[in-house]
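Here are the chains, one letter per residue:
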Amino acid sequence: MSNARYEQGQLRKEAETQLARSRMHLVQSQPGEDLLHELLHELQVHQIELEMQNEELRQSHISLEESRDRYVDLFEFAPICYLSLTGDAMVSEINLTGCILLDVERKQLINRRFSKFFAPKDRDRWHRLFMNMMEQTNFEKQSFDSAMQRADGSLFYAHFNCLRRELVDAQPVLRIVLFDISERKLAEAKLRIAATVFESQEGMLVADANGVITCVNASFTNITGYSAEEVIGKNPHILSSGRHDKYFFTVMWDTIKRTGSWKGEIWNKRKNGAIYPEYLCITAVKDLDGVLQNYVATLTDITMSRKAAEEIQHLAYYDPLTRLPNRRLLMDRLPLAMASSSRTGKRGALLFLDLDNFKTLNDTLGHSSGDSLLKQTALRIEACLREGDTVARLGGDEFIVMLENLSDRPLEAAQQTEIVGKKILGALEQPFQLNAYDYRITISIGATLFSAHQSSIDELLKQADIAMYQAKKSGRNLQRFFDPQMQSSINARAKLEEELHAAIKAGQFKLYYQIQVNGEGTAVGAEALIRWLHPQLGLTPPACFISLAEETGLIVPIGNWVIDVACGQLKAWARNELTQGLTLSVNVSAKQFHQTDFVAQVHSAVERHAINPMLLKLEPTESVLLENIEETVATMNALKAIGIKFALDDFGTGFSSLQYLKKLPLNQLKIDQSFVKDLATDGSDQAMVRTIIAMAHSLNLEVIAEGVETEEQRFLLQSNGCNHFQGYLFGRPIPIAEFEVLLNKT
Ligand code: C2E
Ligand code: CA
Ligand code: CA
């Protein structure tokens, strides 16, 4: 502009010099011509002035153009968004930055409603603000923040500055300046989160690069007892418990230097002097150039979680009743013991302890007495052990004792184990106080030795268990050692069990018949005795398989088979005059007798074969009948009602009283063969036999002696009043064909 003025000034000077020169020239001419010259001159001056004015105009036009361009550039490329809205909130203009910010082309913005660029949640607020601004009359600037939404749905935060104006034609317009403040908002949110986190459950401590505390949170105060004022400016050493040595802290700071952080458990001291466990995490904070600025420590008081962890550990590994280790803990310790045995060469032992008849006590005295007994037992067992030995309760009335560091020689180790076992047996023999009564128990112990990895844990436990059963079988209150022979007989038993299953289906059982005679030697009946025709072992006596059949429950189908065959035999005998009066005795085992459908089974066999039930005699033993007296009497009476007879087998070996015998609907007592055997020589057996016979007579029962092998025995029995006999003297148990031959001879 100033340049243009300067140029104009120069031009004007040149024009004036020119005019002065022509005036000099005119003064020297004639007067008529003078006026003409003057006019011409005036004209010329006018023309120059006009030209100058033109030039001035052109120049100002140029500068106007330039400033408009400048304005447009400034408007379009300003780093913030400018826009104007009409009175009905339509966009009337917007700069390029605004279009870029909203991510829309200008033509799609002009004359469109601006509200659609607000995030839905802020739209209502925008409407209210807009209405307010348009109604106001004082033209004051308004500012606010709002969440915005671009055409593609993405969100950003904007800060608004708005000014209502009135155009020349009095139309209202809202001028808006807005800019993206998303980053600021994000930073604010982060700060808010950081502030919340800082005031969290965990204690926090911030120290400067020199380790001087600059700030702590409320949880820090709760945990340590120190207020912020008391610790700011101090060193965290004031929390030191003195439980960690220098080395601990050297390692800690080394780790922080190397890796930037350290975490772990540490003992610290509260303001009141109490020492507590804490989980500590220290992080070094560096600036962008990697220069250490601060340390931030988070600390958690783990006193409670420690306690809880200990409690959980206890629950998981200890028996709540006796507080002894449980099976799981034993299973954890056993491999360690075995490993240690492999290092030292020393042997260990496992003792399996089982209280005898605990179930009966529990049922009769009640569970709280049972619990009390188990607790006292646990204490007594513990008292018999050395430190380092383990006693665990497996559950119920089963305990396991694990001994370690025994001799490296097996025999010596076994002796050492036996001593401990005997000590335990002795300790448990002393009476227990239960409900103010003295109560005595016995215990069976099975023991097995172990050394380095010689057997698996399961095997070891099994061995101890087997030995314990052996102890029980051998009469209880005993200790038995496992030995491999025991194992092989166990294996053989398992095999036999399998074969026994198959035997029923394969029809490998047979009944043998042993004759029973009266005082005159005349046959009155027989006892049916089972035999197993084993495919490999040949004829197998019942002693080899009846107890196994009892244990496995196979005795039930076997017993039913026996009754069925016996009834079939009675039916066959009924057809023959010689045999139609013979009775047939059948042995019944406890399991079979106590089956709920036993009466029905017998009844159906009697019906099926249509026999005279009076000729079928069931032979339970005393122990069978002792089991549940009420039920037994009911069963027997039900069978008696059908007509079935009863003989009491092995009489004299049990403990039944006269009182008890009276209740049973018996027909016959069978003197056990053990009394008959030494009858001729043993005075006490003679006394016994006499008593039994007298008892039978007083109860109005028939009496029969079994195992009669000699004439002398028969004579002694007969002279004491026994009139029925069974034994090798009259005939062995034999197959039916042979039996019928024998009958014809007697
Ligand atoms: P038990 O009922 O006491 O049978 C008598 C046992 O004495 C029979 O042995 C018989 O052969 C034997 N015996 C008979 N007379 C004499 C003799 O003069 N001297 C000697 N030394 N022994 C004699 P067995 O047949 O080996 O039967 C043994 C046991 O097996 C029976 O004892 C019985 O308890 C059981 N049993 C046999 N058959 C059956 C059955 O079918 N069912 C059930 N549950 N048990 C049976
Ligand atoms: Ca018998
Ligand atoms: Ca017998």
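Up top is the structure.
Residues numbered from 1 in each chain as written. Chains lettered and ligands numbered in written order. Predicted model: local features only at pLDDT ≥ 70, side-chain atom pairs only at ≥ 80, totals over all residues. Heavy atoms only, no water.

**Description of the coordination of the calcium ion (ligand 3)**
The calcium ion (ligand 3) binds to the protein through Asp649 (OD), Asp650 (OD), Glu706 (OE) and Glu706 (OE), with metal-donor distances spanning 2.1 to 2.6 Å. Motif for the calcium ion (ligand 3), donor spacing along one chain: D-D-x55-E. If you look at the calcium ion (ligand 3) and the calcium ion (ligand 2), they sit 4.0 Å from each other and are both ligated by aspartate 649. Here aspartate 650, found in strand β23 (residues 645-651), pairs with glutamate 706, found in the loop between β25 (702-705) and α25 (711-719); they are 56 residues apart in sequence, far enough to count as distant. Judged by relative accessible area, aspartate 650 falls into the partly exposed class, the value being 23%. Classification of glutamate 706 by relative accessible area gives buried; the value is 8%. (Donors = N, O, S within 2.8 Å, 3.2 Å for Na, K, Ca; no water. Helix = DSSP H or I, 4+ residues; strand = E, 2+ residues; numbered from the N terminus. Buried < 20%, exposed > 50% of the residue type's maximum accessible area, 1.4 Å probe, protein only.)

**Re the nonpolar core**
Judged by nonpolar contacts, the single largest core of 76 residues is most densely connected at Leu500, Leu666, Ile671 and Leu717. Residue contributions to this core peak at nine residues, all from helix α17 (residues 555-574). Look past the residues within four positions of leucine 500 in its chain and what remains in contact with it is Phe509, Trp532, Phe545, Leu548, Ala549, Leu554 and Ile558. (Core = buried A, V, L, I, M, F, W, Y, C linked by side-chain atoms within 4.5 Å. Contact = heavy atoms within 4.5 Å.)

**A word on the packing of aromatic side chains**
Per the stated rule, a full pass over the model turns up 24 aromatic pairs. An angle of 40° between the planes, with centres 6.0 Å apart, marks the rings of phenylalanine 509 and tryptophan 532 as tilted. Taken together, the residues phenylalanine 509 in strand β18 (residues 509-518) and tryptophan 532 in strand β19 (residues 523-534) connect sequence positions 23 residues apart. An identical accessibility class is assigned to phenylalanine 509 and tryptophan 532; each is buried. (Phe/Tyr/Trp six-rings, centres within 6.5 Å; stacked < 30°, edge-to-face > 60°.)

**Details of the coordination of the calcium ion (ligand 2)**
Coordination of the calcium ion (ligand 2) by the protein is provided by Glu527 (OE), Asn587 (OD1), Glu619 (OE) and Asp649 (OD), with metal-donor distances spanning 2.2 to 2.4 Å. As a motif over one chain, the donors of the calcium ion (ligand 2) read E-x59-N-x31-E-x29-D.

**A short note on the site of ligand 1**
Around ligand 1, the surrounding shell holds 19 residues, and the nearest of these are Gln514, Asn587, Gln673, Glu709 and Tyr728. The side chain of glutamine 514 places a nitrogen or oxygen atom 2.8 Å from a nitrogen atom of ligand 1. About the coverage of ligand 1: the protein hides 81% of its 790 Å² of free accessible area. Sorting the residues of the shell around ligand 1 by element identifies β19 and β23 as the ones contributing at least two each. Here the element with the most residues in the shell around ligand 1 is β19; it accounts for four residues. Of the residues in the shell around ligand 1, the class split is seven nonpolar, six polar and six charged. (Near = heavy atom within 4 Å. Polar contact = N/O pair within 3.5 Å; in protein donor to acceptor, adjacent residues only side chain to side chain. Areas by Shrake-Rupley, 256 points an atom, 1.4 Å probe, with all protein chains shown as cover. Nonpolar A, V, L, I, M, F, W, Y, C, P; charged D, E, K, R; others polar.)

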